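Residue strings, one per chain:
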Amino acid sequence: MYEPLTWALVALSLAATVFALVLAGLDRRINWWLLGLIGVVEVALLGQLVVGIVQLVGTDRDVSGPFFVGYLIGSLLILPIGALWALAESSRWGAGALAIACVVIPVLELRLHDLWVV
């Protein structure tokens, strides 16, 4: 897997987590800046999906294909679901829900890294 993209995704999603937690702490709803950051992370996740599948097809490593592709697709779905939930919730807990969705991304990225390295 392309490691710089993985670590960039971890950093961006952690930054989005902090941003969402600050908004929740200030009792504010999510804003366009946070949604823009989520959009950047989502585009990078889409790029990782394409790169990951291409590298999986061309590798001779012992990687579990269904698990690997499942993690790639799952990571692509988490943020839109969290953003929809955050937009539907009119209290600070919408930003909290999005923060939780953002925390899931680094966990999935590290798991993808573990699957690829082993």
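Up top you'll find the structure we're talking about.
My aim in this report is to walk through the structure given alongside it, one point at a time. Note that the structure is a prediction, hence the values are computed from the model and not measured.

Basis of the calculations
Per chain, residue numbering runs from 1 following the sequence as it is written. Local features in this predicted model are restricted to residues whose pLDDT is 70 or higher, and side-chain atom pairs enter the listing and the counts only when it is 80 or higher, whereas totals over whole chains, interfaces and linings include all residues. Only hydrogens and water are set aside when side-chain values are computed; all heavy atoms of the structure are taken into account. By convention, a stacked pair of Phe, Tyr or Trp rings (six-membered ring in the case of Trp) has centres within 6.5 Å and planes under 30 degrees apart, an edge-to-face pair has planes over 60 apart, and any other such pair is tilted. Placement of a positive charge over a ring is assigned whenever Lys NZ or Arg CZ falls within 6 Å of the ring centre and within 35 degrees of the normal to the ring plane. Only residues whose relative accessible area exceeds 30% and that form no salt bridge are eligible for patches; like-charged ones are grouped when within 9 Å, while nonpolar side chains (Val, Leu, Ile, Met, Phe, Trp, Tyr) are grouped when within 5 Å. All accessibility values rest on the Shrake-Rupley procedure with a 1.4 Å probe; residue burial counts only the protein chains present in the view. What makes a salt bridge here is a side-chain nitrogen of Lys or Arg within 4 Å of a carboxyl oxygen of Asp or Glu, nothing more. Throughout, exposure labels follow a simple rule: accessible area from a 1.4 Å probe, protein chains only, divided by the maximum for the residue type, with under 20% read as buried, over 50% as exposed, and the rest as partly exposed. Orientation is described by axes fitted as lines to C-alpha atoms, over the contacting stretch for helices, and by angles from 0 to 180 degrees between their N-to-C directions. Think of it this way: any DSSP run of H or I at least four residues long counts as a helix, any run of E at least two long counts as a strand, and we number them from the N terminus. Each angle gets one of four labels, with under 35 degrees taken as roughly parallel, over 145 as roughly antiparallel, 65 to 115 as roughly perpendicular, and the rest as oblique. Crossing handedness: left-handed means the near helix sits turned counterclockwise from the far one by under a right angle, and right-handed means the same turn made clockwise. We call two residues in contact when some of their heavy atoms are within 4.5 Å.

1. Focus: the packing of aromatic side chains
And then number 1: Applying the stated criterion to the full structure yields one aromatic pair.
And then number 2: Sitting over the face of the ring of W93, R92 holds its NZ or CZ atom 5.7 Å from the ring centroid.

2. Some words on a nonpolar patch on the surface
And then number 1: Together, V18, V22 and L26 line one region of the surface with nonpolar side chains, adding up to about 270 Å² of accessible area.
And then number 2: Residue V18 is classed as exposed on the basis of its relative accessible area, which comes to 51%.

3. Focus on the packing of helix α2 (residues 32-57) against helix α3 (residues 65-88)
And then number 1: One way to put it is that α2 packs onto α3 with a least axis distance of 10 Å and a crossing angle of 165 degrees. Here α2 lies roughly antiparallel to α3, going by the angle between them. Considering only the axes of α2 and α3, their crossing is left-handed. Residue-level inspection shows L35, I38, V41, E42, L45, L46, Q48, L49, G52, I53 and L56 of α2 in contact with α3, the latter providing G65, F68, V69, L72, I73, S75, L76, L79, P80, A83 and L87.

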